[in-house]
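In case you want the letters, here they are:
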Amino acid sequence: MADLLISFYGRYEISAPSLRKKRGSGVETSRLEKLEKGLARSRAAIRRAEPHRDGEEAKDMELQGREPPIFHDASSLGVYSIEGHFIQEMDKQRLSFITSDPEQALLYFLPFSVRRMRRFVASKAGVVDLHRMWVVISDYIQVIANKYPYWNNTNGAYHFMVTCHDWLSKISTTFPQLEKLDESLARSRVAIRRAVATRNYTSRKRESFVLRGAIYHNSYAFYQSYIEMEKRLKIWIYREGEPPIFHDGSTMRVYSIEGHFIQEMDKQRLPFITSDPEQALLYFLPFSVEGTICHCKTRARQKLDQGAVQCQRLRRLQSKKGCATPRVLVQVSSPKSRQNRNSTFLKKGGNHGSVRKFLFEEWDGKDPQIQIFQRLPIGQSYKEHMMNAKYCLCPSGYEVASPRLTESILAGCVPVPISDGYVLPFNDVLDWSEFSVPIPVQKIPKLKEILMNIPEHSYLKLQANVMKVQKHFVINDPPKRFDVIHMLFHSIWLRRLNVRLEKLEKGLARSRAAIRRAALARNYTSSRKRRGFVPRGAIYHNSYAFHQ
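Residues numbered from 1 in each chain as written. Predicted model: local features only at pLDDT ≥ 70, side-chain atom pairs only at ≥ 80, totals over all residues. Heavy atoms only, no water.

Engineer: Which residues make up the side chain of Ser-419, and what values do they have?
Structural biologist: Its place among the elements puts Ser-419 in the loop between strand E11 (414–418) and helix H16 (447–452). The class of Ser-419 is buried, set by a relative accessible area of 17%. A distance of 3.0 Å separates a polar atom in the side chain of Ser-419 from a polar atom in the side chain of Ser-396. (Helix = DSSP H or I, 4+ residues; strand = E, 2+ residues; numbered from the N terminus. Buried < 20%, exposed > 50% of the residue type's maximum accessible area, 1.4 Å probe, protein only. Polar contact = N/O pair within 3.5 Å; in protein donor to acceptor, adjacent residues only side chain to side chain.)

In structure tokens form, the structure reads like this:
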């Protein structure tokens, strides 16, 4: 418990002036303003009920022009005194568990007195109105959720409050979505682990197509995860914003996948879309990065350059929350079989970016088998060149990603990604080593040697796998199972399924390991200080585990 840190919300969180609506503008008083008025009346009632109150805290509040609130205040007398003792101890901040940095916290304390709330807010004619108590708690949570990110990050999972009676447990059952979503994700994780262990999948419906083959890291895990996504994934779309930057995107050119995705979300044909934000596991921000850059271009050239730099940085960002998006520029149908291909190594595209400049310097016009074009000669077809080539070179340009990657797969040509630090699309489930030949930038001078040394039977295996993986890079209208749109959804689903607060989870993992070690070794480990008291005896289930 030495790693436990708790952050708690301040005394006056219920006052949220930034959330108030302007008066005199014809807009009705907000719900929060009504709540604040009610709380002010409750505070006045508390002062009248306890005229003897004169402690340092009350004096300090009077000097500051503030009133003692229902929140952060509780009696340390009577049957329910433990509630008051706990809240007051948290306020004094004498315990080592309290932190002033919410980013380091494992838990978040909601510091209100349920006893006070019952007495001055929920009681009516001697009867406790649980609905009125629910309204106050609901509004309090709404305030902190709007003001801080911590509630929304975990859907309230790491937040707690203190009460010594059953009123709050009855109220908490009116927030079932706080637990149902996490339970749903937990069931999905269990189903995926079971699929890996049993090498089988579990589905409510008869599956017409089952994924198999070396192109997947683990086909059972991927297939079960996909089934779970179809059952549980719900996405809510923000409606703010006007086209073209919001709710619009080009379905042409290099960034067409962005436009296809946004338009598909707006059409709401997919079963993942929900109109109820309370049921959503994910929330979509519907703005087009390409549209933003084009908008900047029309206003000022320097803003376009700045936007391009930011986009490049965004593409290079290897974040566990983000996923690589494939670029789809050329759709190629009916690619040639592997027997009809020559040994050409093809690259077409502009000479920009450090990687491409290095490639052009080493190979442009120096070997007939390595065909590198900035622009094709008149009368020649780029599609035909790709469909005749065994290997298609896919070097990074100004940005780390390249549409050549997807184009080569759709043409049945084995892709050769040339980049440093490029996270390949769908690499969570696809094993790119089975259908591509990644080459580091520093090995560009040995490019031909590397590719020529690949045995024919290995090439045939790579090319056969390219044909199998094509279904995951095709755009369909409407989208079909396992196509590029659904694969994007699955990549996002995986990140929601596996979301963790990495540093905090590592700390908790170390604590769990130490407890298990103490239980097995029948001893404890303390690296911080010498413990004066060691619990022992039959009154504990396991005194070693408890002490650790």
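We are not done yet, so read on.
Engineer: Describe the packing of aromatic side chains, naming the residues involved and giving the relevant values.
Structural biologist: In this structure the tally under the stated criterion is 22 aromatic pairs. Here Tyr-148 and Tyr-150 contribute two aromatic rings whose centre-to-centre distance is 6.3 Å and whose plane-to-plane angle is 25°, an arrangement assigned as stacked. Ring geometry for Phe-272 against Phe-489: centres 5.0 Å apart, planes inclined by 55°, an arrangement best described as tilted. Remark: Phe-489 occurs in helix H18 (residues 484–497) and Phe-272 occurs in the loop between helix H10 (256–267) and strand E7 (282–284); sequence separation between them is 217 residues. Classification of Phe-272 by relative accessible area gives buried; the value is 2%. A connected cluster of aromatic rings, assembled from ring pairs, spans Tyr-201, Tyr-216, Phe-222, Tyr-223, Tyr-226 and Phe-482. (Phe/Tyr/Trp six-rings, centres within 6.5 Å; stacked < 30°, edge-to-face > 60°.)

Engineer: Mind laying out the side chain of Thr-274, listing which residues take part and the relevant values?
Structural biologist: With respect to the secondary-structure elements, Thr-274 resides in the loop between H10 and E7. Of note is the side chain of Thr-274, whose polar atom sits 3.1 Å from the backbone nitrogen of Asp-276. In contact with Thr-274, not counting residues within four places along its chain, are Lys-234, Ile-235, Trp-236, Gln-279 and Ala-280. (Contact = heavy atoms within 4.5 Å.)

Engineer: So what about the state of the cysteines? Which residues, and what values?
Structural biologist: With the rule as written, the count across this model stands at one disulfide. Between the sulfur of Cys-392 and that of Cys-413 lies a disulfide, 2.3 Å long from S to S. Disulfide Cys-392-Cys-413: torsion about the S-S bond near 120°, hence right-handed. Of the two residues, Cys-392 sits in strand E10 (residues 391–395) while Cys-413 sits in the loop between helix H15 (404–410) and E11, which places them 21 residues apart along the sequence. For the residue pair Cys-392 and Cys-413, the accessibility class agrees, reading buried in each case. (Disulfide = S-S within 2.5 Å.)

Engineer: Can you explain the nonpolar core? Please cite residues and give values.
Structural biologist: Nonpolar side chains in soluble globular proteins generally cluster together in the buried interior. By size, the foremost hydrophobic cluster in this structure holds 70 residues, and its most contacted members are Val-416, Leu-430, Val-437, Leu-447, Leu-451 and Phe-489. Setting aside anything within four residues of it in sequence, one finds Leu-447 in contact with Leu-359, Trp-363, Ile-370, Leu-393, Val-416, Ile-418 and Ile-439. Membership of the second largest hydrophobic core comes to twelve residues, among which are Met-117, Ile-141, Ile-144 and Ala-145. (Core = buried A, V, L, I, M, F, W, Y, C linked by side-chain atoms within 4.5 Å.)

Engineer: Tell me about the packing of H10 against H18, and please be specific about residues and values.
Structural biologist: The geometry of H10 relative to H18 is characterised by a closest axis approach of 11 Å and an angle of 80° between their N-to-C directions. The angle between H10 and H18 falls in the class roughly perpendicular. Each of Ile-257, His-260, Phe-261 and Met-265 in H10 lies in contact with H18, whose residues at this interface are Val-484, Ile-485, Leu-488, Phe-489 and Ile-492. Among the residues making up the contact of H10 with H18, the classes are represented as eight nonpolar, one polar and no charged. (Axes fitted to C-alpha atoms, helices over the stretch in contact; angles between N-to-C directions. Parallel < 35°, antiparallel > 145°, perpendicular 65-115°, else oblique. Nonpolar A, V, L, I, M, F, W, Y, C, P; charged D, E, K, R; others polar.)

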